[in-house]
Amino acid sequence: MQDTSRCILHPQPETDGFRTLAVPVYRASTIVFPDAAAFAARGDLAPDGYTYGLHGTPTTRMLERSLSDLQGGVWTFLTPSGQAAVVLAMLAVLSAGDTVLIADTVYPPVRQFADLDLVRMGVTVRYFDPLSPEDVARQIDARTRLVWCESPGSNTMEVMDLPAITAIAHRHGALVGCDNTWATALNFKPLRHGVDFVAEALTKFHGGHADLLMGALTLRDEALILPLRNLIGRLGSGVSPDDAALVLRGMETMPLRLAHASAVALRLATRLAGHPAVHRVLHPALPGSPGHDVWLRDFTGSSPLFSVEFTPEATPHVGAALHGLQIFAIGASWGGTRSLLAPQPITGTRTARPWQGAAQILRFSIGLEAEDDLTRDIDRFLDKLTVASADARGANHHPSPQPT
Ligand SMILES: *Cc1c(COP(=O)(O)O)cnc(C)c1O
């Protein structure tokens, strides 16, 4: 079965002769057992057995199985958010005295968790250049338990050479995790490239309607299933079956939504790249974007999320030029039906590979509105930006030095 069909034909749970096409929602805290002996032995059930609402219902199992099938993994755990999926992997693997190597371009809240909480727990945290497997080879040592990747990187979109990084990590006995939220399993399957954990924010494309939060952690190795399941029990971290049903519904249209919005996004990104106020468009499918050659080699498609760096003259006016747009909304997160813009500061969130570009980028998430309406809104923004930059040039007899 192809992935597009997999997203629609969810593995149905056992039922008493009642079958629907809609996803049934099973809610539960208590799960009942036929007798005292079965209750006492519930801890011996296989991980897909039902023991307590926290550990799953038929609805959450359907979603977990769908995601495992799509990723080519042995098991998937659902988490309350994408952030929680990354944190779960790190907590499961790392102990005091261990070292973790993290891509410099990692999702900023993950960086904060590492710098504040992992360090507090006695873990050594080091960042590596996402474009340099050699940097991983240089920094890895016998105490490195985990190498955490995110490809492409948050906001600046560097695509990482995961086969090379995984080979280095495994040679040193370290596990590799990868945040695959941008690509989804439809466009890249990290487990097939040797990665041990793949984390995704289902909040984005899977949910697809900006109305829920969920994450998933999919495993390549069966030996990790039980330790992770038990850790989830100790953390008390579960998801609502109602939300899981919404994610399963969103997944049915995900392949079409993703393909359409990605095609529109690539045309808009190309158009932006030709504008004089634009310094560079960071989109893995565009030549010149960092890691574009790796994207060509490893990925089967792109996503409707990309970033734009403006010229030093235009950058200070980006915020004001966003005022009064008719289609785009301003906000974080992405992957829903509405197109979003998010100005994001980069300076200060890079340490291994100091950021040489504009102090802030503008992140575009293209939704499902008519392409002509989106194009007109972008043109309105670019016109305002051009006027504001020209006015500022006119007012400055001595151009002020630009921060780097
Ligand atoms: C949004 C995002 C997350 C976090 O997802 P939430 O569900 O919002 O916690 C993690 N990684 C990446 C790359 C993201 O874009």
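About the cut-offs
- Residues numbered from 1 in each chain as written.
- Predicted model: local features only at pLDDT ≥ 70, side-chain atom pairs only at ≥ 80, totals over all residues.
- Heavy atoms only, no water.
- Pairing = 2+ DSSP bridges.
- Helix = DSSP H or I, 4+ residues; strand = E, 2+ residues; numbered from the N terminus.
- Axes fitted to C-alpha atoms, helices over the stretch in contact; angles between N-to-C directions.
- Near = heavy atom within 4 Å.
- Polar contact = N/O pair within 3.5 Å; in protein donor to acceptor, adjacent residues only side chain to side chain.
- Areas by Shrake-Rupley, 256 points an atom, 1.4 Å probe, with all protein chains shown as cover.
- Phe/Tyr/Trp six-rings, centres within 6.5 Å; stacked < 30°, edge-to-face > 60°.
- Buried < 20%, exposed > 50% of the residue type's maximum accessible area, 1.4 Å probe, protein only.
- Lys NZ or Arg CZ within 6 Å of the ring centre and 35° of its normal.

Read from one edge of the open sheet, seven strands run S1-S7-S6-S5-S4-S2-S3, paired in mixed fashion. Edge positions in the sheet fall to strand S1 (75-79) and strand S3 (124-128), since each of these pairs with one other strand and no more. Here the average twist between neighbouring strands, direction ignored, is 20 degrees. Pairing of strand S4 (residues 144-150) with strand S5 (residues 175-179) involves five bridges; the strand directions are parallel. By the bridge assignment, Leu-146 is partnered in S5 with Leu-175.

Moving on, we get to the site of the ligand. Lining the immediate environment of the ligand, one finds 13 residues, of which Gly-82, Gln-83, Asp-179, Thr-203 and Lys-204 sit closest. A distance of 3.0 Å is found between an oxygen atom of the ligand and a backbone nitrogen or oxygen belonging to Gln-83. Within the side chain of Thr-203, an N or O atom sits 2.6 Å from an oxygen atom of the ligand. Alone, the ligand offers 370 Å² of accessible surface; in the complex the protein occludes 91% of this.

This part takes up the packing of aromatic side chains. One pass over the structure, following the stated rule, counts eight aromatic pairs. An angle of 65 degrees between the planes, with centres 5.7 Å apart, marks the rings of Phe-33 and Phe-39 as edge-to-face. Judged by its relative accessible area of 21%, Phe-33 falls in the partly exposed class. A residue is classified by how much of its surface remains accessible, and Phe-39, at 43% relative accessible area, is partly exposed. Where Trp-75 meets Phe-77, the ring centres are 6.3 Å apart and the plane angle is 50 degrees; that geometry is what we call tilted. Across this residue pair, the class does not change: Trp-75 and Phe-77 are buried. By the ring-pair criterion, three or more aromatic residues cluster together here, those being Trp-182, Phe-188 and Phe-299. The aromatic ring of Phe-39 is capped on one face by Arg-42, whose charged end is 4.0 Å from the ring centroid. Here the basic side chain of Arg-111 rests over the ring of Tyr-127, its NZ or CZ set 3.9 Å away from the ring centre.

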